[in-house]
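Tertiary structure, described
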Amino acid sequence: MDRVRSFYDGLAGEYDRLFADWGEATRRQAEVLDRIFAAHGFGRDGAVLDCACGIGTQALGLAALGYRVTGSDISPGALAEARERARDAGLPLELREADFRRLPELVGGSYDIVIAMDNALPHLMSSAELAKAVGSIAGVTRPGGLFAASIRDYDALLETRPRCSTPYINGPEGARRIAFQTWDWAGESYRLVQYIIDETHGLTVSRHECEYRALRRAELSRLLGSGGFGAVRWAMPEETGYYQPIVTAIRE
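Residues numbered from 1 in each chain as written. Predicted model: local features only at pLDDT ≥ 70, side-chain atom pairs only at ≥ 80, totals over all residues. Heavy atoms only, no water.

Regarding the side chain of Thr 70
Mapping Thr 70 onto the fold places it in strand 2 (residues 68–73). When its relative accessible area of 6% is taken as the criterion, Thr 70 is described as buried. For Thr 70, the residues in contact, after removing those within four places along its chain, are Val 48, Leu 49, Asp 50, Glu 94, Arg 96 and Tyr 111. (Helix = DSSP H or I, 4+ residues; strand = E, 2+ residues; numbered from the N terminus. Buried < 20%, exposed > 50% of the residue type's maximum accessible area, 1.4 Å probe, protein only. Contact = heavy atoms within 4.5 Å.)

This is the structure we're talking about:
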C-alpha cells in the first residue's frame, strides 16, 4: 500500500480541487449517508468510523450533522489536511493513521457504523487482501452494526474498459479547473493517472498516479457474506443520489 499512501499524500493539498464546491459536496454526501443510516434504523447519536476518510469529505459532513465520527486513513498527508479542516470548521473529529486491513490493531473500538467511500476498497489488488480488509472492518463493527461502502460501477466499466474519465470542468473561462483521469488497463486492473489543470492563478498542471482493481459487485458481496456480514444490498446512484453504487451490510 506504499503506492496508495504516496498517491494520497501527493493529492491531499489539492483534493478539494476535484470539486466545484468541496464544502457543498461534504454537506450533500453526508445527507445521502444520513438517509441510508436512518433507513437502517440508526440515529445521529451513533458512533461512526470512516476507515478511508482522506481529507474528511464524508467524515466532516457527518460530524456537522451531529454524528460522533472517528476518521482513519493510510495517508498522513490526507489526515493532516482533514485535521486542519476540522479545526477550521470547529468540528470534533478524532483521526488515526491506519491501513484498513489492520483496524482492530491500529484503531480499535466497536462502532455502530463503519464506512469506506469513494472507491477505496478497489485499491486492494487481490481477493485475499480484500478479504483481509473485510475481516478487519468486521472486527470494529458492533454486532448489528452497519457497514457502507461505495465503488465505481466496474460491472459496467469492464464491458468497455474506457481509456479515460469524463472531465470535470469548474469555473468561468480564464479561471477554470479541469480534472480528468486516464486509465491504462491490464486484465481487470488499471493504472490511473489523475490530472488537475488549474488556471485560476496562472496555468498549473499536476499529475498523480495509482493502481486499482476493477472490483465486481458480486465479489464484494460474496466476501462480505463470508466475512461476518449479512443483509448485503446494493443501491445505485439513481436511487441514492450518490455518484457511485453503494453497498450496505449488517454485522452478524
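Thoughts on the pairing of strand 4 (residues 111–116)
The element strand 4 is largely enclosed, with a buried count of six among its six residues. In terms of strand pairing, strand 4 meets strand 5 (residues 141–150) through five bridges, oriented parallel. Directly across from Ile 113, in strand 5, lies its bridge partner Leu 146. Since strand 4 and strand 5 lie parallel, the crossover through helix 6 (residues 127–139) that links them has a hand, and here it is right-handed. (Pairing = 2+ DSSP bridges. Right-handed = clockwise from strand over helix to strand, strands pointing away.)

Quick notes on the packing of aromatic side chains
For any pair of aromatic rings, geometry is given as the distance between the ring centres together with the angle between the planes. Enumeration according to the criterion identifies ten aromatic pairs in this entry. Aromatic pair Phe 180 and Tyr 195: ring centres 5.2 Å apart, planes at 20 degrees, arrangement stacked. Here the residue Phe 180 occupies a position in strand 7 (residues 177–186), and Tyr 195 occupies one in strand 8 (residues 189–198), the gap between them amounting to 15 residues. Residue Tyr 195 is classed as partly exposed on the basis of its relative accessible area of 22%. Centroid distance Trp 183 to Tyr 190: 5.7 Å. Interplanar angle 55 degrees. Geometry classified as tilted. Taken as a pair, Trp 183 and Tyr 190 share a single burial class, namely buried. An aromatic cluster is defined as three or more aromatic residues linked by ring pairs; in this entry it consists of Tyr 154, Trp 183, Trp 185, Tyr 190 and Tyr 212. The ring of Trp 22 is capped by Arg 85, whose NZ or CZ atom sits 4.5 Å from the centre of that ring. (Phe/Tyr/Trp six-rings, centres within 6.5 Å; stacked < 30°, edge-to-face > 60°. Lys NZ or Arg CZ within 6 Å of the ring centre and 35° of its normal.)

Some words on the UniProt feature "domain: Methyltransferase" (unreviewed entry) in the chain
The sites that carry the UniProt feature "domain: Methyltransferase" (unreviewed entry) are, in the present numbering, residues 48–145. Within residues 48–145, the helical portion is 38% and the strand portion 24%, while the C-alpha atoms at the span's ends are 10 Å from each other. (UniProt positions renumbered as here; feature names shortened; annotations may be inferred.)

Focus on the environment of Ala 156
Within the fold, Ala 156 resides in helix 7 (residues 154–160). The spacing of Ala 156 and Gly 56 is 100 residues in sequence and 28 Å in space, taken between C-alpha atoms.

Side note on the sheet that holds strand 5
Read from one edge to the other, the open sheet built from seven strands follows the order 3-2-1-4-5-11-10, with strand pairing classed as mixed. Where the open sheet ends on each side, the last strands, each with one partner, are strand 3 (94–97) and strand 10 (229–235). In this sheet, neighbouring strand axes are inclined to one another by 20 degrees on average, regardless of whether the strands run parallel or antiparallel. Against the sheet, helix 4 (residues 76–89) engages strand 2 and strand 3, with an angle of about 170 degrees to strand 3. Most of the contacts of helix 6 go to strand 5, to which it runs at about 135 degrees, and overall it touches strand 4, strand 5, strand 10 and strand 11 (246–251). (Axes fitted to C-alpha atoms, helices over the stretch in contact; angles between N-to-C directions.)

Quick notes on the nonpolar core
Residues Phe 37, Leu 62, Phe 100, Leu 103, Leu 121 and Phe 147 are the most contacted members of the largest nonpolar core, which totals 82 residues. Per element, the largest residue contribution to this core is seven residues, and it comes from helix 2 (residues 22–39). (Core = buried A, V, L, I, M, F, W, Y, C linked by side-chain atoms within 4.5 Å.)

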